[in-house]
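Geometric and topological summary
Residue-level listing of the chains:
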Amino acid sequence: MAENTSVLTAQETFGDDPVTGVGLMADDARVAARTLAKAPRAWKDRALNLMADRIEARRETILEANARDLERGREAGTSAALLDRLKLDAARITGLADALRELATLPDPVGSVVRGQTLANGLRMRQVRVPMGVVGVIYEARPNVTVDIAGIAVKSGNAVLLRGGSAAFDSNRALVGVLRDALADAKLPVDCVQTVDDYGREGANALMGARGKVDVLIPRGGHGLIQSVVTNATVPVIETGEGNVHVFVDASAPVEMATRLVVNSKTHRTSTCNSAETLLLHGAAEEASREVLAALDKAGVALHVDDRAAALLPPGSDHLKATDEDWDTEYLDMDMAVKVVDGLDEAMEHIRRHSTGHTEAIITNDLANAERFSAEVDAAAVMVNASTRFTDGGQLGLGAEIGISTQKMHARGPMGLEELTTTKWLVQGDGHVRP
């Protein structure tokens, strides 16, 4: 059984210069990707199951590394929301392993035929899925993303270069070591999974500038990180977005359903991008509005309310007066902005002005309103009578996800296996020449 495949630092292996070092790592990733692209599904699935087994077998080592990251974070005054993203525990590690095993059960996208036909002149053509090649991912304080991305990359035949950030440095180092050991056991190239974290922020800059060596770059994190990558990268970028997520409680919304869905959307896990941040209440849904606000208040959510919503709060309820800034804030915490609107049109107009295009939800018993909301709201995911927390690759049957894309080219919404592939045209003739 292989152990400690990644003992050496990047500097010891590739030298001190980040641009040179990341370039050499990308070259190794390219070689590894060519091998992985030809690997049959059985080999890749075996690697995924070995990765899962090794994560569980080295649970204590991973938790010890994560504990060091958490302690540094607390000493640095890191927010509770960021610490929650950073934290690994026994249940979350089991979840990481389970996600890898689930990926192994999913169909292999590589080689699948998107479309094909025989043309009138006899040419036979097929458009087939192929791996991207070398994928760079820049993220922060999310050690679970390290495992999810590595698993998706292996299954879809890609090599990945990871920049997981200083906050999760020890956790990511431990996880990458475990994953590379599993790849070695599976007789697949260990350089399918590498980290540039040893080079720090300069490693991220080098990754953004590695055009020609890295095929696509995916940022996953807060507004500052994403905009930095989008603005500065010369490598093609798939933009993942912030989640200024809205829930609209329509006039016909059932009281119990509205209460249950809004509370789940807001409080299930506040540090995720699919957590609801703004609640829009139809002015005619007074009973449902009162029940929803009482439930949120009881759950400990700090409500930032407009004047009309304030009048619906339970007596003595603590609240904050909403400002214009609140409508554009992704809290990622136990805070929520609340506004009363006069109908569906006003709700959709508010969403158009303030949405980040991630997830938007309506709670209603009015079929016509549900259909209008679904057709007219522009977002990667639109929920009707369902929690916003379902905007997730695992929840939607895609297995682990590499992120939620809010752009409109190539991939939109949860990015799973197919989203990490591109296509190739295969054309077969019998000596055809163009007349």
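Residues numbered from 1 in each chain as written. Predicted model: local features only at pLDDT ≥ 70, side-chain atom pairs only at ≥ 80, totals over all residues. Heavy atoms only, no water.

Time to look at the sheet that holds strand S16 (residues 421-428). Strand order in the open sheet formed by three strands is S1-S2-S16, and the pairing between neighbours is antiparallel. The sheet is open, and its two borders are formed by strand S1 (113-118) and S16, each paired with just one other strand. Averaged over all adjacent pairs, the angle separating strand axes in this sheet is 20°, with direction ignored. Inspection of the sheet shows strand S2 (residues 124-131) paired to S16 by eight bridges, in the antiparallel sense. Following the sheet pairing, Arg124 is matched in S16 by Gln428. (Pairing = 2+ DSSP bridges. Helix = DSSP H or I, 4+ residues; strand = E, 2+ residues; numbered from the N terminus. Axes fitted to C-alpha atoms, helices over the stretch in contact; angles between N-to-C directions.)

With that settled, the discussion passes to a nonpolar patch on the surface. A cluster of nonpolar side chains, namely Phe390, Leu396 and Leu398, defines an oily patch on the protein surface of about 250 Å² accessible area. Relative to the helices and strands, Leu396 is located in the loop between strand S13 (381-384) and strand S14 (404-405). (Patch = residues over 30% accessible without salt bridge, like charges linked within 9 Å, V, L, I, M, F, W, Y side chains within 5 Å. Areas by Shrake-Rupley, 256 points an atom, 1.4 Å probe, with all protein chains shown as cover. Salt bridge = Lys/Arg side-chain N within 4 Å of Asp/Glu carboxyl O.)

Residues in a regular strand project their side chains so that they alternate between the two faces of the sheet. Counting buried positions over the five residues of strand S7 (residues 245-249) gives five, a clear majority of the element. Burial along S7 is two-sided: Val245, Val247 and Val249 facing one way and His246 and Phe248 facing the other are all buried. Across five bridges, the pairing between S7 and strand S8 (residues 276-282) is parallel. Directly across from Phe248, in S8, lies its bridge partner Leu280. Between the parallel elements S7 and S8, the chain passes through helix H11 (residues 255-267) in a crossover that is right-handed. With four bridges joining them, S7 and strand S12 (residues 359-363) adopt parallel strand pairing. Bridged to Val247 within S12 is Ala361. (Buried < 20%, exposed > 50% of the residue type's maximum accessible area, 1.4 Å probe, protein only. Right-handed = clockwise from strand over helix to strand, strands pointing away.)

A separate point is unusual backbone geometry. One non-glycine residue, Ala141, lies in the positive phi region at around 55°. Along the chain, the position of Ala141 falls in the loop between strand S3 (134-139) and helix H7 (143-155). A relative accessible area of 2% means that Ala141 is categorised as buried. A positive phi is found at Asn385, a non-glycine position, where the angle reads about 55°. Within the secondary structure layout, Asn385 lies in the loop between S13 and S14.

The next thing to look at is the domain arrangement of the protein chain. Per the domain assignment, the segments making up the protein chain are domain 1 (11-240) and domain 2 (246-391). The C-alpha-based centres of domain 1 and domain 2 are spaced at 34 Å. (Domains from an automatic or database assignment.)

Here the largest pocket defines a volume of roughly 1,000 Å³. At the level of elements, helix H6 (90-105) and H7 are the ones that each hand at least two residues to the lining of the largest pocket. If one sorts the elements of the lining of the largest pocket by residue count, H6 sits on top with six residues. In terms of residue class, the lining of the largest pocket is made up of eleven nonpolar, 18 polar and 13 charged. Looking at which domains feed residues into the lining of the largest pocket, each of domain 1 (11-240) and domain 2 (246-391) supplies at least three. The computed volume of the second largest pocket comes to approximately 410 Å³. In this structure, the second largest pocket is lined by 17 residues; those nearest its centre are Glu140, Arg163, Gly165, Arg201 and Leu225. Only S3, helix H9 (200-208) and helix H10 (223-232) provide two or more residues apiece to the lining of the second largest pocket. Top contributing element to the lining of the second largest pocket by residue count: H9, with four residues. In the lining of the second largest pocket, the residues fall into nine nonpolar, five polar and three charged. (1 Å grid on protein atoms, 1.4 Å probe; cavity = no way out; pocket = protein on both sides within 12 Å on 5 of 7 lines; lining within 4 Å. Points joined across faces, edges and corners; volume = space filled by probe spheres on them. Nonpolar A, V, L, I, M, F, W, Y, C, P; charged D, E, K, R; others polar.)

With that settled, consider the sheet that holds S3. Strand order in the open sheet formed by four strands is S5-S4-S3-S6, and the pairing between neighbours is parallel. Edge positions in the sheet fall to strand S5 (193-195) and strand S6 (216-220), since each has one partner strand and no second. Within this sheet the neighbouring strands show an average axis-to-axis angle of 20°, counted without direction. Here five bridges tie S3 to strand S4 (residues 159-163), and the two strands are oriented parallel to one another. The partner of Val135 across the bridge, within S4, is Val160. Those strands touched by helix H2 (residues 18-37) are S3, S4 and S5, and its axis lies near 150° from that of S4. (Contact = heavy atoms within 4.5 Å.)

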